[in-house]
Amino acid sequence: MKTTGIIAEYNPFHNGHLHQIKTIRSQTGTDVIVVVISGGFVQRGTPAFTDKYLRTAMALSSGADFVFELPVIYASASAGLFALGGIALLESLGFVDNVCFGSECNNINILKQAADILLNGGNSFNFSVSQFVQSGVSYPVAQHMAVQKHFPGIADQICQVTGSPNNILGIEYLKALELLKSNIIPFTIQRCGNGYNNQDYSVNKDNLVSAAAIRNAFANEAEPFNAVSSFIPLSALDILLKNQDRININEDMFSGVLYYKLKEITCTGNDKEAMQRLMEFLDVSEALAGRIIKNICNYNSFTGFAQILKTKQYTYSRVCRSLVHILLNIRTDSYNIKLPLSAGNSLHPLQVTPYARLLGMNKDKSHLLKNIQDTVLVTKTADAVQLFKNSALLKQNGLEGFAKSTFEKDIFAADLYRIISKHGNNPCPDEYRAGIIIK
């Protein structure tokens, strides 16, 4: 029985996601599709458009067989950590043969070549990246400049693929597979329709637009379902229509609680002390901490403050991720791995994702869960901590505390999302009452 993994956000689920699932089955003969999805917060540093339970239901209705939650410390992180968390979770299940991702170039060999350079470029390459970042450019631009400096013969080809968002994420998946010494086989399919960041839903090909375009329609259209109905599979559209009080969640709903958290950190002691406290959070550099302190008096909303903080070096998405990390108390020491990642790291999947939390499944494939032996399977929130305590696997590797603290962050993030996103009579389920979604 062949099993293929997908790492996704489904924010929300659309025709492009359905195309990927159908293509996987038609091209590879895959019997089982396992999806790892983000919870309430996503990789671009915002809350998800709708909660993880509705997104799980949409995935199952469109052909997925299992849906697991990516821990929030990875779901809200930059591409490298996001990819590492997803690949580690798939690897830990023990029955995933392949992983599929979309890419703009649709050339796995070029992506592997780029991944090898970025991971194994050597000390001089890594030093150049650091120098370019310190000069004031963003990290992706610094990587491009370092490739051009150290690998001029293939720089144009490599830089061409590393300039597109799905290619970038695909490269990070390939790096993660190498870091974990995984036997999972990667393959890519052509990304169809508008670009990942394209918000235009008026122009499309074959009823394919990005999730960003769909979110944009909900933000701006008086009748958004009329505008996007042709871009979303009917089964997923029906789920959204029946749960309109649980959709269109955005970062500005979190403006008040973010301001409270920032003021709590910055209002005591002097600026140097406040800066040190801010720099404990993931992705908050000294320069960004300084900008937060300098501009907190101009705070008006989540998005407004992110716009104030962004610079040439700190992109809007990077700033949003940093703010979400502050909001959710995700710090540089929240991980059990050495950061930043490098080729010298020797990683075991449990060091990265010490448990697999099941959100939904196809009951006809449920017997496969018996094959899970190399991680802790969490099917009920209330049982999680005791499962960690009873796990010989976690105890042997000294990971019981890491599992507990990581899971606690998941629950905190989910509870915060549930409370703030509630704006009607159909709230997101409580973490202790929501059961596994069965298809």
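The structure this text deals with has already been given above.
Reading the values: the criteria
- Residues numbered from 1 in each chain as written.
- Predicted model: local features only at pLDDT ≥ 70, side-chain atom pairs only at ≥ 80, totals over all residues.
- Heavy atoms only, no water.
- Helix = DSSP H or I, 4+ residues; strand = E, 2+ residues; numbered from the N terminus.
- Rg over C-alpha atoms; globule rule 2.2 N^0.38 Å.
- Buried < 20%, exposed > 50% of the residue type's maximum accessible area, 1.4 Å probe, protein only.
- Contact = heavy atoms within 4.5 Å.
- Lys, Arg positive; Asp, Glu negative; His and termini not counted.
- Charge placed at Lys NZ, Arg CZ, Asp CG, Glu CD.
- Phe/Tyr/Trp six-rings, centres within 6.5 Å; stacked < 30°, edge-to-face > 60°.
- Axes fitted to C-alpha atoms, helices over the stretch in contact; angles between N-to-C directions.
- Parallel < 35°, antiparallel > 145°, perpendicular 65-115°, else oblique.
- Left-handed = near helix turned anticlockwise from the far one by under 90°.
- Nonpolar A, V, L, I, M, F, W, Y, C, P; charged D, E, K, R; others polar.
- Pairing = 2+ DSSP bridges.
- Expected span 1.5 Å × (residues − 1).
- Arc of directions from axis to C-beta.

1. Some thoughts on the overall build of the chain
Secondary structure assignment for the chain yields 21 helices and 10 strands. Its C-alpha atoms give the chain a radius of gyration of 21 Å, within 12% of the compact-globule value 22 Å for 439 residues. Along the three orthogonal principal directions, the C-alpha set of the chain runs to about 55 × 55 × 55 Å. Across the 439 residues in the chain, those meeting the buried criterion constitute 55%. Partitioning the contacts of the chain with sequence separation of at least 6, the portion at a separation of at least 24 is 71%. For the chain, the distance from the average position of its 40 positive side-chain charges to the average position of its 36 negative side-chain charges is 1 Å.

2. Quick notes on the packing of aromatic side chains
The geometry of an aromatic ring pair is captured by the separation of the ring centres together with the interplanar angle, meaning the angle of the planes. All told, the structure shown has 15 aromatic pairs when counted by the stated rule. Where Phe218 meets Phe225, the ring centres are 5.1 Å apart and the plane angle is 90°; that geometry is what we call edge-to-face. Residue class for Phe218 comes out buried when judged on its relative accessible area of 7%. According to the relative accessible area criterion, Phe225 is buried, its value standing at 13%. Among the aromatic side chains, those forming a connected cluster through ring pairs are Phe41, Phe254 and Tyr417.

3. As for the packing of helix H6 (residues 123–134) against helix H7 (residues 139–150)
Relative orientation of the contacting elements H6 and H7 amounts to 135°, with a least axis distance of 8 Å. On the basis of their axis angle, the class for H6 and H7 is oblique. For H6 against H7, the interelement crossing comes out right-handed. Between H6 and H7, the residues in contact are Ser124, Phe125, Ser128, Val129, Phe132 and Val133 and Tyr139, Ala142, Gln143, Met145, Ala146, Val147, Lys149 and His150, respectively. Residue composition of the contact of H6 with H7, grouped by class: 9 nonpolar, 4 polar and 1 charged.

4. As for unusual backbone geometry
Cis geometry marks the peptide bond from Asn11 to Pro12, where omega comes out at 0°. Note that Pro12 resides in the loop between strand E1 (3–8) and helix H1 (15–28). A positive phi is found at Asn329, a non-glycine position, where the angle reads about 60°. Its place among the elements puts Asn329 in the loop between helix H17 (316–328) and helix H18 (349–352). Under the relative-accessibility criterion, Asn329 is labelled partly exposed at 29%.

5. Points about the pairing of strand E8 (residues 355–361)
Within E8, 7 of the 7 residues are buried, which leaves it mostly tucked inside the rest of the structure. Both strand E5 (residues 66–70) and E8 contribute to a ladder of 4 bridges, which runs antiparallel. If you follow Glu69 over to E8, its bridge partner there is Arg357. Two strands pair when backbone bridges link them, and E8 and strand E9 (residues 376–378) are joined in this way by 3 bridges, in the parallel orientation. Residue pairing in the sheet places Ala356 in a bridge with Leu377 of E9. As judged from the 2 bridges shared by E8 and strand E10 (residues 437–438), these two strands associate in the parallel manner. Paired with Met361 across the two strands is Ile438, which belongs to E10.

6. Some points on H7
Compared with the 16 Å implied by 1.5 Å per residue over 12 residues, the 16 Å span of H7 between its first and last C-alpha is a close match. Those residues of H7 that sit buried are Ala142, Gln143, Ala146 and Val147. Projected down its long axis, H7 carries its buried residues within an arc of 140°, all on one side. In the core, the buried residues of H7 are packed alongside helix H5 (108–120), H6 and helix H8 (155–161).

7. Considerations on the pairing of strand E6 (residues 98–103)
Among the 6 residues in E6, 6 count as buried, and that is most of the element. Burial of E6 is two-sided: the residues Asn98, Cys100 and Gly102 facing one way and the residues Val99, Phe101 and Ser103 facing the other way are all buried. Bridge analysis of E1 against E6 gives 2 bridges, and the strand direction is parallel. Residue pairing in the sheet places Gly5 in a bridge with Val99 of E6. Sheet analysis places E6 next to strand E7 (residues 185–190), joined by 6 bridges and oriented parallel. When the bridges of E7 are listed, Asn98 appears paired with Ile185.

8. Some thoughts on the packing of helix H16 (residues 302–309) against H17
Between H16 and H17, the least distance of the axes is 9 Å, while the angle of their chain directions is 125°. As the angle between them shows, H16 and H17 are arranged oblique. In this structure, the crossing between H16 and H17 has a hand that is right-handed. Here Phe302, Thr303, Phe305, Ala306, Gln307 and Leu309 of H16 come into contact with H17, specifically with Tyr316, Val319, Cys320, Leu323 and Val324. Split by residue class, the contact of H16 with H17 holds 9 nonpolar, 2 polar and no charged.

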